Protein chains: 2
Amino acid sequence: MTRAALSPDAVVDIALRIVDEKGPDALTLSAVAARAGVATPSLYKHVRNLAELRVLVSGRVMAELTEVASEAVLGRSGDEALRALMDGWRSYAARHPHRYSALIQAPRPETAEAGNRLIGIMLAALRAYGLEGSAAIHAVRCLRAAMHGFAVLEAAGAFQLAENLDESYALLAHMVVSGLRTPREG
Amino acid sequence: MTRAALSPDAVVDIALRIVDEKGPDALTLSAVAARAGVATPSLYKHVRNLAELRVLVSGRVMAELTEVASEAVLGRSGDEALRALMDGWRSYAARHPHRYSALIQAPRPETAEAGNRLIGIMLAALRAYGLEGSAAIHAVRCLRAAMHGFAVLEAAGAFQLAENLDESYALLAHMVVSGLRTPREG
DNA sequence: CTCAGAGGCTAATATCATTAGCCTTGAGGT
DNA sequence: ACCTCAAGGCTAATGATATTAGCCTCTGAG
């Protein structure tokens, strides 16, 4: 390494700080360069372009979320594991709303393995429900939709009323659990 | 009206067409002006700026969604109403994925009444479950999170596996219904 | 027939992203 | 001790885009 200086990871670090402070829309190469104390074009030595930087940021967020999720599930099973996963997920999103909003949902090869790991954790959290094959996939999708939907709306400040959000989320968790336990008619 | 020409509504129409065809990120004043056959600055005679245009677009989408939702709930009640609402919601999002992605969740005064109407419809769809006060609010939040989460992920192409999406969504609906019907342990 | 204003236009400015091409420095081989 | 070369910075230049200012021209109301 010819110089101390920047590196792709360092650029992503700075990007994350900007996202946290001013939201995903404020993530611009100019802003990153300014913080790095470097001219904008210099960043291209570390990152292909803005689009790629966004993907890298998203990947980092996904990794953090995976960390949180995996810790939540560790040593638990059944409803407890599921609730812990859901709580961890929401709490991460609530702690870092901008960062969570920077998550790119459209599948990208660069974040494919991180995404798969995350899905693996959800599958693990559902293991106790004895879902087979496709049933497990459907369950993961629903779990993901529920968690993500709530997280997005909460991060956007879309829940305006005074009612306690923890209670709302507890109901959401109850829906997931009872939906998995209750047999489906016809 | 001094001229046939443009109008705020016409501008939004064009904006919607662009969003539909190329996604929300392609919505730019240049693009709108080009389609309108007008110089970019002329648009400022009809719309305050790009941010406002986005809000107007979002308002239009919200109104359409309200229309779909209200039609779905009309003449139905109980599980049937809830499922019809959910199906209508998802089908709108699937039919117009870009448009759906252009929905702004952060509450804005300009779209407040449209949002309230939408929430009113969700409340109506839940009426048969006999929820009182706060309980109804929590239920609406969960319903909204579930529908929105699934719609966002589906629109983004986040569900990669081959499993049938209708089935996944049916499970989600089942979760909501059974969560509302099943009593919650303490 | 007049005239005010709605609605277009051009010119100008600022911010970004991105590319091209140059320069310096330090790590390693000789 | 040198030499070289590439990594990593830099400046200059280009091209979108948004936005503002200020001008011009119909058109419809009086």
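Cut-offs used in this document
- Residues numbered from 1 in each chain as written.
- Chains lettered and ligands numbered in written order.
- Predicted model: local features only at pLDDT ≥ 70, side-chain atom pairs only at ≥ 80, totals over all residues.
- Heavy atoms only, no water.
- Least-squares fit on C-alpha atoms with pLDDT ≥ 70 in both.
- Contact = heavy atoms within 4.5 Å.
- Helix = DSSP H or I, 4+ residues; strand = E, 2+ residues; numbered from the N terminus.
- Expected span 1.5 Å × (residues − 1).
- Buried < 20%, exposed > 50% of the residue type's maximum accessible area, 1.4 Å probe, protein only.
- Arc of directions from axis to C-beta.
- Near = heavy atom within 4 Å.
- Polar contact = N/O pair within 3.5 Å; in protein donor to acceptor, adjacent residues only side chain to side chain.
- Phe/Tyr/Trp six-rings, centres within 6.5 Å; stacked < 30°, edge-to-face > 60°.
- Lys NZ or Arg CZ within 6 Å of the ring centre and 35° of its normal.
- Axes fitted to C-alpha atoms, helices over the stretch in contact; angles between N-to-C directions.
- Nonpolar A, V, L, I, M, F, W, Y, C, P; charged D, E, K, R; others polar.
- Core = buried A, V, L, I, M, F, W, Y, C linked by side-chain atoms within 4.5 Å.
- Domains from an automatic or database assignment.
- Buried area = accessible area lost by both parts, 1.4 Å probe.
- Salt bridge = Lys/Arg side-chain N within 4 Å of Asp/Glu carboxyl O.

1. Considering the relation of the copies chain B and chain A
One copy of the chain maps onto the other through a rotation about an axis followed by a shift along the same axis.
Then, number 1: Superposing chain B onto chain A takes a rotation of 180 degrees combined with a translation of 0.0 Å along the rotation axis, leaving an RMSD of 0.0 Å. In symmetry terms, the pair is related by a two-fold rotation axis. In terms of proximity to the rotation axis, the leading residue of chain B is B:Gly149, whose C-alpha is 1.8 Å off the axis.
Then, number 2: Both copies present the same face, since 100% of the interface residues in chain B are matched by interface residues at the equivalent positions in chain A.

2. Re helix α6 (residues 112-126) of chain A
All names here are of chain A.
Then, number 1: With 15 residues, α6 extends 21 Å from end C-alpha to end C-alpha; this agrees with the ideal 21 Å at 1.5 Å per step.
Then, number 2: Among the residues of α6, Ala114, Gly115, Leu118, Ile121, Met122, Ala125 and Leu126 are the ones counted as buried. Buried residues of α6 fall within an arc of 140 degrees about the axis and therefore sit on the same side.
Then, number 3: Close packing links the buried residues of α6 with α3 (50-73), α4 (78-95), α7 (134-155) and α8 (165-181).

3. Structural notes on the protein's contact with DNA strand D
Then, number 1: Close to DNA strand D lie 19 residues, the nearest being A:Ala5, A:Ala39, A:Ser42, A:Lys45 and A:His46.
Then, number 2: Close to the protein, within 4 Å, the atoms of DNA strand D are drawn from sugar and phosphate at a rate of 64%.
Then, number 3: The side chain of B:Thr28 places a nitrogen or oxygen atom 3.1 Å from a phosphate oxygen of DNA strand D.
Then, number 4: Note that a phosphate oxygen of DNA strand D is positioned 3.0 Å from one of the backbone N or O atoms of B:Leu29.

4. A few points about the packing of aromatic side chains
Residues and elements named next belong to chain A.
Then, number 1: Using the criterion set out here, one finds four aromatic pairs over all chains in the structure.
Then, number 2: For the pair Phe150 and Phe159, a centre-to-centre distance of 5.0 Å together with 45 degrees between the ring planes defines the contact as tilted. Here the two residues Phe150 and Phe159 agree in accessibility, since each one is buried.
Then, number 3: Above the plane of the ring of Tyr169 lies Arg90, whose end atom (NZ or CZ) is 5.3 Å from the centre.

5. So, the packing of α4(A) against α6(A)
All names here are of chain A.
Then, number 1: Running from N to C, α4 and α6 point in directions that differ by 145 degrees, and their axes come no closer than 8 Å. Facing Gly78, Ala81, Leu82, Leu85 and Trp89 of α4, the residues of α6 in contact are Leu118, Ile121, Met122, Ala125 and Leu126.
Then, number 2: Here the residues of the contact of α4 with α6 are counted per class, giving nine nonpolar, one polar and no charged.

6. Comments concerning the nonpolar core
Then, number 1: In terms of nonpolar packing, the biggest core is built from 113 residues, with A:Leu53 and B:Leu53 touching the most fellow members.
Then, number 2: Contact partners of B:Leu53, with chain neighbours within four places excluded, come to B:Val11, B:Val12, B:Ala15, B:Leu27, B:Leu29, B:Val32 and B:Val47.

7. Concerning the environment of B:Ala36
Then, number 1: Here B:Ala36 shows up in helix α2 (residues 29-36).
Then, number 2: For the pair B:Ala36 and B:Ala146, spaced 110 residues apart in the sequence, the C-alpha separation amounts to 38 Å.

8. Re the domain arrangement of chain A
Residue and element names in this part refer to chain A.
Then, number 1: Taken domain by domain, chain A comprises domain 1 (1-47) and domain 2 (58-181).
Then, number 2: For domain 1 and domain 2, the distance between their C-alpha centres works out to 29 Å.
Then, number 3: Between domain 1 and domain 2, the residue contacts involve ten residues of the former and seven residues of the latter.
Then, number 4: Summed over both partners, the interface of domain 1 with domain 2 comes to about 660 Å²; 56% of that surface belongs to carbon and sulfur atoms.
Then, number 5: For the domain 1 face of the interface with domain 2, the top three residues by lost area are Leu16, Asp20 and Pro24, together amounting to 62%.
Then, number 6: Scanning the region where domain 1 abuts domain 2 turns up three salt bridges.

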